[in-house]
Amino acid sequence: MKKIITAVCLLLMLPCLALPAAANSAQMYWSGIDSTGAIFIDGNCPVLVEHETLTFDLSEFPANYYFEEEDFLNYPGRVTAEYTFYNPSDMTVTATLAFPFGNLPGYAYDFNENDISKYDVTVNGEAVKKNVRHTLTSYHSQFELESVLPLLCDDYVQDDFYYPEMTVTKYSWKISDDLNYESISRSATFSCDVEKADGKRTIYFPGQGCGHVQKDNDYRIGAGLSAHDPVLYVFGEPFDELPEWKIYKDAGCYDGDEIDSEITFYESETMTLLDFALANRDEESNVSTVDWYNALIAELKGSVKHSYYPVVSLYAYERGYRTSLMRWYQYNITIEPRGHITNAVTAPMYPSIDMSYVPTVCEYTYLLSPASTWSEFGSLDIIINTPYYITESNIEGFTKTEEGYTLTIDGLPTDEDGKVKELVFSLSTEENPTPRSRTPDGIKKNITYFLAFYGPIILIGAILITVIIITINRRKR
């Protein structure tokens, strides 16, 4: 039953899900050794990309939800980026590359990341070792290489406030057993006030459902009684004084709307920030402890609920980062002086699914901007092997072939501001899919909904107008 409910929810959300499915390999760092044995780690990497062939194999669309993991893993959509690298320098260059290939899609919410082992990274046709890395990335956030790549740290991220050994204090309270839940509203809320931030601590309130600033400039936070007894986590210095909890008749939590009941302090316990971070990580998770911890820090730093108050939200953490982590292949390449190598990376390709069209439209995103990290980029061939039609593309010039579509361009495509454009294209089983609202069934439904909602209003209006007209005519007579 749970999976069915989840599937329905995802079905409603599908037109909104935008998944960056794959990207070019970007440099993380590099070193060079010349004939004297010196190591160079400063400046730009001299390696250039002479050519890239980008091949999409999209023979079928994914299901809008998968109930069995085996069915999900059988989905064949993939992309292969094949690079011809050239090292024009007089030193042997070793570079560590990172290839982001997207979040786990929403239609595979209940499954692990077993799809990451389906494909290889090769150099000159031989498979090389690849590590799978993770960074916190929202579905709807714009991919910015400059801000995302630094999150891919090999060690616990260093921050001015948060650090692995930081003290985290968990405070717990108990609601009095004599509270009569049957006599109060379902919207009843327990709440406390938080003072302005002083730089000593941040506060995490699991299950927080409301919050607003009071006249005394305190910030009142609350959660429904059905959530749990009050719990607060404090990162940094513990409370000087414990906050006072009260129960209000609804989520407004206004003074004067208190319900007579007692909430008493129960206990406090301490842990490190690293312990807190890993508390909801499954030991069998594919996400490393370093990446998990760093995802928490990224969420803590970006989730302050109010700029003046130290309250944070950890929605992705609460859900175990199920679909909130961008996945990366990390691997090394070594190129001899004046040497060439061919590097190929294959990754799964997951589209967003827009069911507001008939037939359905699937949108694919491939991030071209990571290739801008190379000192020079040559030509790019894009091959889309598919039986479907391209209905829209932000890069023009595709030629239709028997196997699908092709496009060749020099360099990376850029927008009016000179910024590298990501490749975004949509596929459908027909060339011109129709918005569902414009189909005969959609029109009938719209008319039915219109009449159901506005019909009574129109009828009442017509009656009133008729009565007014009759009354005016009688007065004239």
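Notes on the structure in this doc start here.

A short note on the overall build of the protein chain
Then step 1. Counting its regular elements, the protein chain contains seven helices and 31 strands.
Then step 2. Looking at the protein chain as a whole, 46% of its 477 residues are labelled buried.
Then step 3. On the protein chain, roughly 25000 Å² of surface is accessible, and the fraction owed to carbon and sulfur atoms is 50%.

So, the sheet that holds strand E22 (residues 340–348)
Then step 1. If you trace the eight strands from one edge of the open sheet to the other, you get E8-E7-E22-E5-E4-E26-E29-E28, paired in mixed fashion. The open sheet terminates on both sides in strands that have one partner only, identified here as strand E8 (126–127) and strand E28 (399–400).
Then step 2. Pairing between strand E7 (residues 121–123) and E22: three bridges, direction antiparallel. Its bridge partner being in E22, Val123 is matched across the sheet by Asn343.

Brief notes about the packing of aromatic side chains
For any pair of aromatic rings, geometry is given as the distance between the ring centres together with the angle between the planes.
Then step 1. Per the stated rule, a full pass over the model turns up 32 aromatic pairs.
Then step 2. Aromatic pair Tyr65 and Phe67: ring centres 5.1 Å apart, planes at 75°, arrangement edge-to-face.
Then step 3. A relative accessible area of 6% means that Tyr65 is categorised as buried.
Then step 4. Its relative accessible area of 40% is what places Phe67 among the partly exposed residues.
Then step 5. Ring centres of Phe276 and Tyr317 lie 4.9 Å apart, and the angle between their planes is 15°; on these two criteria the pair is classed as stacked. Here Tyr317 lies in helix H6 (residues 315–318) and Phe276 lies in helix H4 (residues 273–278), a separation of 41 residues in the sequence.
Then step 6. The rings of Phe161, Tyr162, Tyr204, Tyr233, Phe235, Phe276, Trp292, Tyr317 and Tyr321 are connected pair by pair, giving a single aromatic cluster.
Then step 7. One residue, Lys174, lies across the ring of Tyr266, its end atom 5.1 Å from the ring centre.

Some details on empty space enclosed by the protein
Then step 1. In the structure shown here, the tally under the stated rule is one cavity of 30 Å³ or more.
Then step 2. In this structure, the largest cavity spans a volume of roughly 40 Å³.
Then step 3. Counting residues per element, the ones that place at least two in the lining of the largest cavity are strand E9 (131–136) and helix H5 (289–302).
Then step 4. For the lining of the largest cavity, the element with the highest residue contribution is H5, accounting for four residues.

Looking at the sheet that holds strand E11 (residues 189–194)
Then step 1. Taken in spatial order, the five strands of this open sheet run E13-E14-E11-E16-E17, and their pairing is antiparallel. Of all the strands in the sheet, just strand E13 (210–213) and strand E17 (258–259) have a single pairing partner and so form its edges.
Then step 2. The pairing of E11 with strand E14 (residues 219–224) spans six bridges and is classified as antiparallel. Bridge pairing in E14 links Asp193 to Arg220.

Notes on the nonpolar core
Then step 1. Ranked by internal contacts, the top residues of the largest apolar core, which has 60 residues, are Leu54, Phe56, Phe85, Ile333, Tyr366 and Leu423.
Then step 2. Ranked by residues supplied to this core, first place goes to strand E6 (residues 92–102) with five residues.
Then step 3. If we skip the residues at most four places from it in the chain, Ile333 touches Phe85, Val93, Thr94, Ala95, Leu97, Val123, Ile341, Asn343 and Trp374.

Describing unusual backbone geometry
Then step 1. In this structure, Pro359 follows Val358 across a cis peptide bond, with omega equal to -5°.
Then step 2. Within the secondary structure layout, Pro359 lies in the loop between strand E24 (357–358) and strand E25 (361–367).
Then step 3. For Asn217, which is not a glycine, the phi torsion comes out positive at approximately 75°.
Then step 4. As for its position among the elements, Asn217 is in the loop between E13 and E14.
Then step 5. You can call Asn217 partly exposed: its relative accessible area is 42%.
Then step 6. With a phi close to 60°, Arg338 is a non-glycine residue in the positive phi region.
Then step 7. Position of Arg338 relative to the elements: it lies in the loop between strand E21 (325–335) and E22.

Topic: a negative patch on the surface
Then step 1. On the surface, a cluster of negative charge is made up of Asp177, Asp178, Asp260 and Glu262.
Then step 2. Look at Asp177 and you get exposed, because its relative accessible area is 80%.

Describing the side chain of Ser191
Then step 1. You can see Ser191 is positioned in strand E11.
Then step 2. For Ser191, a relative accessible area of 2% corresponds to the buried category.
Then step 3. Side-chain polar atoms of Ser191 contact the backbone oxygen of Ile221, separated by 2.6 Å.

With respect to the pairing of strand E15 (residues 231–236)
Then step 1. Counting buried positions over the six residues of E15 gives six, a clear majority of the element.
Then step 2. Both strand E10 (residues 167–175) and E15 contribute to a ladder of five bridges, which runs antiparallel. Note that in E15 the partner of Ser172 across the bridge is Val231.
Then step 3. In the sheet, strand E12 (residues 201–204) pairs with E15 via four bridges, with the strands oriented antiparallel. Within the sheet, the bridge partner assigned to Ile203 lies in E15 and is Val234.

Thresholds, definitions, all that
Residues numbered from 1 in each chain as written. Predicted model: local features only at pLDDT ≥ 70, side-chain atom pairs only at ≥ 80, totals over all residues. Heavy atoms only, no water. Helix = DSSP H or I, 4+ residues; strand = E, 2+ residues; numbered from the N terminus. Buried < 20%, exposed > 50% of the residue type's maximum accessible area, 1.4 Å probe, protein only. Areas by Shrake-Rupley, 256 points an atom, 1.4 Å probe, with all protein chains shown as cover. Pairing = 2+ DSSP bridges. Phe/Tyr/Trp six-rings, centres within 6.5 Å; stacked < 30°, edge-to-face > 60°. Lys NZ or Arg CZ within 6 Å of the ring centre and 35° of its normal. 1 Å grid on protein atoms, 1.4 Å probe; cavity = no way out; pocket = protein on both sides within 12 Å on 5 of 7 lines; lining within 4 Å. Points joined across faces, edges and corners; volume = space filled by probe spheres on them. Core = buried A, V, L, I, M, F, W, Y, C linked by side-chain atoms within 4.5 Å. Contact = heavy atoms within 4.5 Å. Patch = residues over 30% accessible without salt bridge, like charges linked within 9 Å, V, L, I, M, F, W, Y side chains within 5 Å. Salt bridge = Lys/Arg side-chain N within 4 Å of Asp/Glu carboxyl O. Lys, Arg positive; Asp, Glu negative; His and termini not counted. Charge placed at Lys NZ, Arg CZ, Asp CG, Glu CD. Polar contact = N/O pair within 3.5 Å; in protein donor to acceptor, adjacent residues only side chain to side chain.

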